[in-house]
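# What the coordinates show
Given next are the chains, with one letter for each unit.
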Amino acid sequence: MRHLYGIALAVVLSAAVFFGGGWGFGKLHSSLPTATATALPAGGGSLLHATGLLLALGALAGTALLAGLLIIVPRVSPLAAGLPGVGLIAWTVLYAVSVARAVHYIPMKTHPFGAGFEAMGLSGVLGAAGIVLAMPLFLPSRWRRRLADDDDYDDEPIEATSVTNPSRAGLLTSEWKTIPSEPPVPDGW
């Protein structure tokens, strides 16, 4: 059941990378001046008054936060981060083989989401993010359930028992005695 939730979270993360990451990266990428290589956004001053750029940074930070949580939380299936990671790696490999085909498959290229996603692919960010997102797939401990997750885990105390020496008839006829949980109280106490 945990892996089904992981697949659903993978769809959510994929949408966050495309819409949130694509829009944020596209907005930041388009705000860079192209006249000189040393020119800075906002003239090198504070970005606190550039609300569009702050929203773009927030979208990128939110996408990174979601991806980070899906990577590090042990109760989440590794499929949640791994499937989008494999998809981003596949898109980067397709981009390396055929740039025109990779760009052709980007949906909504005319919208800021698609343009930003294309810019992330051109800069190599998607390939790097894909490698990081796919790492939980290769950790065997992420595929196993935790002991605390077992439904039949019982942590109640057990009563101690002792074994007497087996009789000469054999081990199959040995007697088990239960040790009382409270010591006997002498008379007169």
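Scroll up to find the structure this text is about.
The sections below set out a description of the structure shown in this document. For every chain, the first residue of its written sequence is number 1, and the numbers climb from 1 along that sequence. Local features in this predicted model are restricted to residues whose pLDDT is 70 or higher, and side-chain atom pairs enter the listing and the counts only when it is 80 or higher, whereas totals over whole chains, interfaces and linings include all residues. The basis for every side-chain value is the complete set of heavy atoms in the structure, and neither hydrogens nor water enter the calculation.

## A word on the overall build of the chain
Along the chain, the regular secondary structure elements total 7 helices and 2 strands. Counting only contacts in the chain whose residues sit at least 6 apart along the sequence, the fraction spanning at least 24 positions is 70%. Here the accessible surface of atoms and residues is derived via Shrake-Rupley with a 1.4 Å probe, and residues count as covered only by protein chains that are part of the display. Roughly 13,000 Å² of accessible area belongs to the chain as shown, and the carbon and sulfur atoms make up 67% of that amount. For helices the rule is a DSSP run of H or I covering at least 4 residues; for strands it is a run of E covering at least 2, with both sets numbered from the N terminus onward. For this analysis, residues touch if any pair of their heavy atoms sits within 4.5 Å.

## As for the side chain of S77
Relative to the elements of secondary structure, S77 occurs in the loop between α2 (51–72) and α3 (79–97). In protein, a polar contact requires one atom able to donate a hydrogen and another able to accept it; more generally it is a pair of N or O atoms within 3.5 Å, and residues adjacent in sequence count only if both atoms are side-chain atoms. For S77, the side chain forms a polar contact with the side chain of H3, separated by 2.7 Å.

## A word on the environment of M108
With respect to the element layout, M108 can be found in the loop between α4 (99–104) and α5 (112–123). For M108, a relative accessible area of 34% corresponds to the partly exposed category. The residues touching M108, leaving out its near neighbours within four places in the chain, are F18, F19, G114 and A115. To sort residues, take the accessible area from a 1.4 Å probe on protein chains only and compare it with the maximum for the residue type: under 20% means buried, over 50% means exposed, and anything in between is partly exposed.

## Some points on α5
Compared with the 16 Å implied by 1.5 Å per residue over 12 residues, the 16 Å span of α5 between its first and last C-alpha is a close match. Among all positions of α5, only G114, G116, F117, A119, M120 and G121 are buried. After α5 finishes, the residue G124 shows a positive phi value of roughly 90°. Working rule for helices: expected span equals 1.5 Å times residues minus one.

## Structural notes on the packing of aromatic side chains
Planes of paired rings set the category: under 30 degrees apart is stacked, over 60 is edge-to-face and the rest tilted, where pairs are Phe, Tyr or Trp rings (Trp by its six-membered ring) whose centres lie within 6.5 Å. According to the stated counting rule, one finds 4 aromatic pairs in the structure shown. Between F18 and F117 the ring centres are 5.3 Å apart and the planes differ by 55°, which places this aromatic pair in the tilted class. With a gap of 99 residues between them, F18 in helix α1 (residues 2–31) and F117 in helix α5 connect regions that are remote in the sequence. The same class applies to F18 as to F117, namely buried. A ring pair is formed by W91 and F117, whose centres lie 5.7 Å apart and whose planes are at 65°; its orientation type is edge-to-face. Placement of W91 in helix α3 and of F117 in helix α5 is noted, with a sequence separation of 26 residues between them. The pair W91 / F117 is uniform in exposure class, with both members buried. What links up through ring pairs into an aromatic cluster is the set F18, F19, W91, Y95 and F117.

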